[in-house]
Amino acid sequence: PASSTAALTFASSNDAPLLSVTNNSYSDFTVGTSTKTFYVDNDYNISTFVQKSATLRGKASYDGGGVLVWVVDSNYTSSSSGNQVSANLAQTLADCFAKYSNHERGVFGSESDDLYTSSGTKVGSMSSYSETGNLVNIIIYDIGNDYGNNSSQTSGVVGYFYAKDYLTNASYSNLGKYFYIDAAYCNYNESKSDYSGNSDKPSGTVISTLFHEFQHMINFNQKNILNDVSPAAWYNEMLSMLSEDMMYQMLSNGGFSPESPAEGRLPVFNCAYFYSGIDEYLPSPYSAYSYSTAYAFGAYIARAFGGPELVKKISQNSSVDMTSILNAISAQTGKSYSERQLFKEYLQACVFRTDFSSSYSLPTFYKTGGSLTANGYTSVMNAIDLFSTTYSPATLNSKYAFTGPVIWKNGAQTGTTLR
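Counting of residues starts from 1 at the beginning of each chain's written sequence and follows it residue by residue. Reporting in this predicted model follows two pLDDT cut-offs: at least 70 for local features of residues, and 80 or more for side-chain atom pairs to be given and counted; totals over whole chains, interfaces and linings ignore these cut-offs and use all residues. Only hydrogens and water are removed before side-chain values are computed, so all heavy atoms of the structure are retained for them.

Q: Can you walk me through helix H6 (residues 261-272) in this structure?
A: Since the α-helix packs 3.6 residues into each turn, any two residues three or four apart lie on the same face. Its twelve residues give H6 an end-to-end C-alpha distance of 16 Å, which sits within 8% of 16 Å, the value for a rise of 1.5 Å per residue. Using a 1.4 Å probe on the protein chains alone, a residue whose accessible area is under 20% of its type maximum counts as buried, one over 50% counts as exposed, and one in between counts as partly exposed. Put simply, DSSP H or I for four residues or longer makes a helix, DSSP E for two residues or longer makes a strand, and each gets a number counted from the N terminus. Counting buried residues along H6, ten of its twelve residues qualify, which places the element largely inside the surrounding structure. What H6 keeps buried is the set Pro261, Ala262, Arg265, Leu266, Pro267, Val268, Phe269, Asn270, Cys271 and Ala272. Contacts are assigned to residue pairs that have any heavy atoms within 4.5 Å of one another. Buried residues along H6 sit against helix H5 (233-253), helix H7 (287-305) and helix H10 (339-351). By this rule the span expected of a helix is its residue count minus one, scaled by 1.5 Å.

Q: I keep staring at the environment of Leu396 and nothing clicks. Help me out?
A: With respect to the helices and strands, the residue Leu396 is situated in the segment after strand S10 (377-380). As a C-alpha pair, Leu396 and Gly264 span 132 residues in sequence and 9.8 Å in three-dimensional space. Not counting residues up to four positions away in its chain, the partners in contact with Leu396 are Pro267 and Val268.

Q: Sorry if this is basic, but what is going on with the nonpolar core here?
A: The nonpolar side chains of soluble globular proteins are, as a tendency, buried together. Residues Ile140, Met238, Phe297, Ile301, Ile325 and Leu342 are the most contacted members of the largest nonpolar core, which totals 92 residues. Excluding anything up to four places from it in sequence, Phe297 contacts Trp234, Met238, Ile278, Met322, Ile325, Leu342 and Tyr346. Nonpolar cores are built from buried Ala, Val, Leu, Ile, Met, Phe, Trp, Tyr and Cys residues. Side-chain atoms within 4.5 Å join them into one set. If you look at the next biggest cluster of nonpolar residues, it comprises 19 residues, including Ile46, Phe49, Leu56 and Val72.

Q: What is the right way to look at the pattern of salt bridges in this model?
A: A side chain with one charge can pair with a side chain of the opposite charge if their charged atoms come near. Note on definitions: salt bridges are taken to be side-chain nitrogens of Lys or Arg within 4 Å of carboxyl oxygens of Asp or Glu. Applying the stated criterion across every chain, the model contains seven salt bridges. Measuring nitrogen to oxygen at the nearest pair gives 2.8 Å for the salt bridge that ties Arg105 to Glu111. On the basis of relative accessible area, Arg105 is assigned to the buried category, the value being 11%. One salt-bridge network, in which partners are shared between bridges, spans Arg105, Glu111, Asp113 and Lys177.

Q: What exactly am I supposed to notice about unusual backbone geometry here?
A: A negative phi holds for most residues other than glycine; trans holds for most peptide bonds. For the bond running from Ser284 to Pro285, omega is 10°, close enough to zero to count as cis. Its place among the elements puts Pro285 in the loop between H6 and H7. The phi dihedral of Tyr172 is positive, around 65°, even though this residue is not glycine. Structurally, the position occupied by Tyr172 is in the loop between strand S7 (159-160) and strand S8 (177-182). Take Tyr172: its relative accessible area is 36%, and that puts it in the partly exposed class.

Q: Mind showing me how you'd approach the side chain of Asn189 here?
A: Secondary-structure assignment places Asn189 in the loop between helix H3 (183-186) and helix H4 (204-225). Residue Asn189 is classed as buried on the basis of its relative accessible area of 10%. Setting aside residues no more than four positions away along its own chain, Asn189 makes contact with Asp194, Ser196, Gly197 and Asn198.

Q: When you look at the pairing of strand S3 (residues 65-72) in this model, what are you seeing that I'm missing?
A: Looking along a regular strand, one sees the side chains alternate between the two faces of the sheet. Here S3 lies mainly inside the structure; seven of its eight residues are buried. Two strands qualify as a pair provided that DSSP identifies no fewer than 2 bridges between them. Pairing of strand S2 (residues 49-62) with S3, which is carried by eight bridges, proceeds in the antiparallel orientation. From the neighbouring strand, Thr55 faces S3, where its bridge partner is Val71. Hairpin connection, S2 to S3: the antiparallel pair is bridged by two residues, and Gly64 has positive phi, about 100°. Pairing of S3 with strand S6 (residues 136-141), which is carried by five bridges, proceeds in the parallel orientation. Residue pairing in the sheet places Val69 in a bridge with Ile138 of S6.

Q: Explain the packing of H4 against H5 to me, please; I cannot follow it from the model alone.
A: Two numbers describe a pair of packed helices, the interaxial angle and the distance between the axes. Angles here are taken between N-to-C directions and fall from 0 to 180 degrees, while the axes themselves are lines fitted to C-alpha atoms, restricted in helices to the stretch in contact. Running from N to C, H4 and H5 cross one another at 130°; their axes reach a closest spacing of 8 Å. Comparing their axes, H5 and H4 come out oblique. Seen along the crossing, H4 lies across H5 with a hand that is right-handed. The residues of H5 that touch H4, namely those facing Ile207, Ser208, Phe211, His212, Gln215, His216, Asn219 and Lys223, are Tyr235, Asn236, Glu237, Leu239, Ser240, Met241, Ser243, Glu244, Met247 and Leu251. For classification purposes, angles smaller than 35 degrees are called roughly parallel, those larger than 145 roughly antiparallel, those between 65 and 115 roughly perpendicular, and all remaining angles oblique. Crossing handedness is read from the near helix: turned anticlockwise from the far helix by less than a right angle, it gives a left-handed crossing, and turned clockwise, a right-handed one.

Q: Looking at this structure, how should I read the sheet that holds strand S1 (residues 35-41)?
A: Backbone-to-backbone hydrogen bonds pair the strands of a sheet. The strands run either parallel or antiparallel. What the six strands build is an open sheet, ordered S1-S2-S3-S6-S8-S7; its pairing is mixed. Strands at the two margins of the open sheet, each flanked by one partner only, are S1 and S7. As paired elements, S7 and S8 share two bridges and run antiparallel to each other. Within the sheet, the bridge partner assigned to Tyr160 lies in S8 and is Tyr180. Against the sheet, helix H1 (residues 87-108) makes contact with S2, S3, S6 and S8, and its axis sits at roughly 65° relative to S2, the strand it touches most.

Q: Explain the packing of aromatic side chains to me, please; I cannot follow it from the model alone.
A: For any pair of aromatic rings, geometry is given as the distance between the ring centres together with the angle between the planes. A pair of Phe, Tyr and Trp rings is counted when the ring centres sit within 6.5 Å of each other, with Trp represented by its six-membered ring. The angle between the planes then sorts it: under 30 degrees is stacked, over 60 is edge-to-face, the rest tilted. Counted according to the given criterion, the structure contains 37 aromatic pairs. An angle of 90° between the planes, with centres 6.0 Å apart, marks the rings of Tyr100 and Phe256 as edge-to-face. Taken together, the residues Tyr100 in helix H1 and Phe256 in the loop between H5 and H6 connect sequence positions 156 residues apart. Residue class for Tyr100 comes out buried when judged on its relative accessible area of 2%. Under the relative-accessibility criterion, Phe256 is labelled buried at 16%. For the ring pair Tyr281 and Tyr291, a centre distance of 6.0 Å and an interplane angle of 55° mean the geometry is tilted. In this pair, Tyr281 sits in the loop between H6 and H7 while Tyr291 sits in helix H7, placing the two residues ten residues apart along the sequence. With a relative accessible area of 32%, Tyr281 lands in the partly exposed category. For Tyr291, a relative accessible area of 6% translates into the label buried. Through pairs of rings, three or more aromatic residues link up here, namely Phe29, Phe38, Tyr39, Phe49, Trp70, Tyr141, Tyr160, Tyr162, Tyr172, Tyr178 and Tyr180. Only when the NZ atom of a Lys or the CZ atom of an Arg is both within 6 Å of the ring centre and within 35 degrees of the ring normal do we say a charge sits over the ring. Its guanidinium or amino end placed over the ring of Tyr76, Arg57 lies 3.5 Å from that ring's centre, counting from NZ or CZ. The ring of Tyr26 has Lys59 sitting right over it, with the charged end atom 3.9 Å from the ring centre.

Scope: geometric values only; no functional claims are made or implied.
This is how it looks when you write it as structure tokens:
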């Protein structure tokens, strides 16, 4: 999934001033009747934008707020498939977000309810200046305008959060809280590897992506706005994948069939970790390597130092990147680590087989990371056997029939080093 890392462009200084708006509370919006025009991207680089009309197809309230799900009119249908989604799918997505979003807030912190200029000056409350107030908006459409006649997805983007919508002088800002979700990926059928749909239910891919992107929205407030610091991409993506990780069991128990970040990322890590260091973020098409290394590192530290409680301290402290992680570990455990000490223990967890590390109390992924209860739900981070066949690269390609991180192999790539 794309996130808030795309470059922002800013409108001219002589734009019309913001106008105070009314009728922007939850009760003012009616499913099937309320319509609105939004700026959405129009190319797979998410660099050009057009306005498209959408109709409200789902809404749900939760303690302290609500969520509106809009479907661009050209992507609406009565029965979901391809790049067309139904009202039933939109409503299910709204219900899922409303049910679990306050738990994510309880761990990561809250998103901002205010609008800002690009220089960080607060303009005012969304309740005064946004047409949808402080409600969360999910817009479903064909991201990248890329769903072709051969049912391909050129951009491969499932969804994203873009910080431009918090800025009053950013070009194409929708002025409010917005997520963008791809219509075709809503219908991604994992068992068939196509977009034939899931009986009018959003795919597990989209469910996981929604909570992944919500962390980015929260992170923008917790770091950029409240503490005036800018997180590196690897750190921000690590936290978003940890949100998927900690909520995976909860969402599964709720019947939403989310994707497992461990099953999605660790097979790539085990065969290709040497392409991207922990604090690197490689450009597309190599970013998958950086996602896998960032997730593996985050999954280890979460299980070694307190699970969701550690994640909460990382997200809500005043620093970013490795400093934030080291400060959170110290706050959680009372023990101060240097970056090199942490790296050493992480390396051991990537080398020592599970039985061996467990027998000698050595660093390992195979440790339950504790739990955290917030707003009626409990997050857990289950133990990971990094050396099991579940995370073997053979799940990607049958010729890679090994388990655990590859230490060496015949051919050009020898002496593979974890940077």
